[in-house]
Amino acid sequence: MAAIRSVTIVGGGIGGLTLAVALRQIGVEVRIIEKGDRASRLGTGISLLGNALRALDRIGLADTCIARGYGYDCLKTRDAAGELLDEIALPRTFRPDRPGAFGIMRPVLAQILENEATSLGAAIDFETTVEDLEETADGVTLALSSGEKVCSDIVVGADGANSAMRERLFGTALKPEYCGQGGLRYTALRPAEMNGVTFYRDTVGNAVGAIPLSDEKCYYFILETGERPGHLSQTEVADLWQERVAGFSAPELVETVRHAHQAEALSYRPFDVLMMPRPWHKGRIVLIGDAVHSMSPQLTSGGGMAIEDAVVLAEEISAGRDFTATLARFENRREPRVRPILETSLAICRNEQNPSLAAHGKSMDLLQRGYALLADAF
Ligand SMILES: Cc1cc2nc3c(=O)[nH]c(=O)nc-3n(C[C@H](O)[C@H](O)[C@H](O)COP(=O)(O)OP(=O)(O)OC[C@H]3O[C@@H](n4cnc5c(N)ncnc54)[C@H](O)[C@@H]3O)c2cc1C
């Protein structure tokens, strides 16, 4: 059977774009089908750890990402007034002369990946979806919403947690489920002293987290526990932010309360979790990233897992085996890697639903366990 020479990627998010870069670097023909348009790529920032840096380095983009984001090495705990209580060092698992992690604005990361993919020859169709697909002995033909038909050796579904490709392949029985928490996120100016992940904690266990994203920006977040809320208007989200942060007197947090109703980016999103058992592929179609493993963000690793998936899939394709062996090897490498990381993140999520100072200690232990897993080879 022939090696894989052409790939259609459905979904041009973090995983899909990383895969496009990695595949073009080994000479595979790539076309990306993306539902959204480039201009509407919004979102606040993302924090990526040493494992993601190691994966990005395999496609030559780690240093560019650090330069366009904000590299850091520490996790600080502060009290409600902003006084430093504790600081732990994050391991430098990429290189001793590079930061252990970095934060970056999501649209900046997407632009870096897209520029690299297209300059290497990948084609992207924005505002396009898959209407139909047909698999034959020689490949897969996708009928696009544009009316065009695209043929390739394999198709990769990288279309995120609510993956239409997953539904097409495996039905609706497996879908992400709300895990009891959601997140409020607020992009703001970075205070000069915020040089790492920061948790502000009051004396009864309420917490506000923060992550630096660039020299200028950072984002604050709050984990909200409870029933999944219905749609929240922007005013309701701002009201909620003000209510949750009202008890904190750190000046940078007081500023967020004052400006909540005019915030450049303030959003709420429930956390939906899914870990698909193998197989992650059917015939010539395989899923990567959130489409197969959507995790709660306490370990800030869903994006890193999507990047690792992409790099590993490209490595397996570069070995030149037929599609059956390639896709089986891919999921056999990835599922055992992702599962314990997802489960550790979920354990932190469950623990944080019982806010207390003792729970904080347990969360820190779980966080360290998660970081150790992430430091493993992939
Ligand atoms: C609140 C929150 C905070 C998070 N923070 C972090 C963090 O700090 N660090 C981290 O590593 N991870 C974090 N994550 C997780 C991270 O965002 C995801 O794991 C990551 O985006 C997954 O990448 P992906 O490429 O698989 O999917 P996505 O990034 O979701 O990309 C999917 C793409 O597919 C497109 N698409 C969807 N449907 C279709 C369709 N039918 N046809 C064509 N295209 C389609 C979408 O428009 C999108 O561009 C967080 C998640 C949440 C919810």
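The structure presented is a predicted model; accordingly, all values stated were derived computationally and were not measured.

Criteria and cut-off values
- Residues numbered from 1 in each chain as written.
- Predicted model: local features only at pLDDT ≥ 70, side-chain atom pairs only at ≥ 80, totals over all residues.
- Helix = DSSP H or I, 4+ residues; strand = E, 2+ residues; numbered from the N terminus.
- Rg over C-alpha atoms; globule rule 2.2 N^0.38 Å.
- Buried ≥ 20, exposed ≤ 12 C-beta atoms within 10 Å, placed from the backbone.
- Contact = placed C-beta atoms within 7 Å.
- Pairing = 2+ DSSP bridges.
- Near = placed C-beta within 6 Å.
- Nonpolar A, V, L, I, M, F, W, Y, C, P; charged D, E, K, R; others polar.
- Expected span 1.5 Å × (residues − 1).
- Bend = angle between axes of the 7 residues up to and from the residue.
- Axes fitted to C-alpha atoms, helices over the stretch in contact; angles between N-to-C directions.
- Parallel < 35°, antiparallel > 145°, perpendicular 65-115°, else oblique.
- Left-handed = near helix turned anticlockwise from the far one by under 90°.

*Asks:* Just to check I follow, could you spell out the overall build of the chain for this structure?
*Replies:* On a plain count of helices and strands, the chain comes out with 10 helices and 20 strands. On C-alpha atoms alone, the chain measures out to a radius of gyration of 21 Å, which is about the 21 Å that the 2.2 N^0.38 rule sets for 378 residues. Dimensions along the principal axes, computed over C-alpha positions, put the chain at roughly 65 × 45 × 35 Å. Looking at the 378 residues of the chain, the share that counts as buried comes to 47%. Long-range contacts, defined here as pairs at least 24 residues apart, represent 73% of the contacts in the chain between residues at least 6 apart.

*Asks:* For this particular structure, what's the right way to read unusual backbone geometry?
*Replies:* If a residue is not glycine, its phi is most likely negative; likewise, a peptide bond is most likely trans. In this structure, Pro 279 follows Arg 278 across a cis peptide bond, with omega equal to 10°. Along the chain, Pro 279 turns up in the loop between β17 (265–275) and β18 (281–282). The backbone of Glu 127 shows a phi angle near 50°, a positive value even though the residue is not glycine. Summarising the element assignment, Glu 127 is placed in the loop between β8 (123–125) and β9 (130–135). Residues other than glycine seldom take positive phi values, yet Thr 300 does so here, at roughly 40°. Within the secondary structure, Thr 300 sits in the loop between β20 (293–294) and α8 (302–318).

*Asks:* Explain the sheet that holds β20 to me, please; I cannot follow it from the model alone.
*Replies:* Strand-to-strand pairing in sheets goes through backbone hydrogen bonds, with the strands running parallel or antiparallel. Taken together, the 8 strands give an open sheet; going across it, the order is β6-β5-β14-β15-β16-β13-β17-β20, and neighbouring strands pair in mixed fashion. At either margin of the open sheet sits one strand with a lone partner, and together these are β6 (84–89) and β20. The pairing of strand β5 (residues 74–79) with β6 spans 5 bridges and is classified as antiparallel. From the neighbouring strand, Arg 78 faces β6, where its bridge partner is Leu 84.

*Asks:* Whenever I open this one, the site of the ligand confuses me. Can you help?
*Replies:* In the vicinity of the ligand there are 31 residues, among which Gly 11, Gly 13, Gly 289, Gly 302 and Gly 303 approach most closely. Counting only elements with at least two residues in the shell around the ligand, the list comes to α1 (14–25), β3 (45–49), β17 and α8. Take the shell around the ligand: its biggest share by element is 4 residues, from α8. A per-class count over the shell around the ligand returns 10 nonpolar, 16 polar and 5 charged.

*Asks:* When you look at helix α9 (residues 323–352) in this model, what are you seeing that I'm missing?
*Replies:* In an α-helix, one turn spans 3.6 residues, which is why side chains three or four residues apart end up on the same side. Under the 1.5 Å per step criterion, the end-to-end length of α9 is 42 Å for 30 residues, consistent within 8% with the ideal 44 Å. The principal kink in α9, of about 25°, is found at Glu 335, preceding the proline Pro 336 by one to four residues.

*Asks:* Sorry if this is basic, but what is going on with helix α4 (residues 106–119) here?
*Replies:* Over its 14 residues, α4 runs 20 Å from end to end, which matches the ideal 20 Å to within 8%, given 1.5 Å per residue. What α4 keeps buried is the set Leu 109, Ile 112, Leu 113, Glu 114, Glu 116 and Ala 117. Its buried side turned inward, α4 meets α1, β3, α3 (62–68), β7 (101–105) and β8. Remark: Gly 121 follows α4 within two positions and exhibits a positive phi of approximately 110°.

*Asks:* Sorry, what's going on with the packing of helix α2 (residues 50–58) against α8 here?
*Replies:* The description of two packed helices rests on the angle between their axes and on the distance between the axes. Contact pair α2 / α8: the axes reach a minimum separation of 9 Å and the direction vectors enclose 30°. The angle between α2 and α8 places the two elements in the roughly parallel class. When you trace α2 past α8, the crossing you get is left-handed. Between α2 and α8, the residues in contact are Asn 51, Ala 52, Ala 55, Leu 56 and Arg 58 and Gly 303, Gly 304, Ile 307, Glu 308 and Val 311, respectively.

*Asks:* What should I look at first to understand the pairing of strand β12 (residues 154–157) in this one?
*Replies:* Each regular strand carries side chains that alternate between the two faces of the sheet. A two-sided burial pattern is seen for β12, the buried positions comprising Ile 154 and Val 156 on one face and Val 155 and Gly 157 on the other. Relative to strand β19 (residues 285–287), β12 runs parallel, the two sharing 3 bridges. If you follow Gly 157 over to β19, its bridge partner there is Leu 287.

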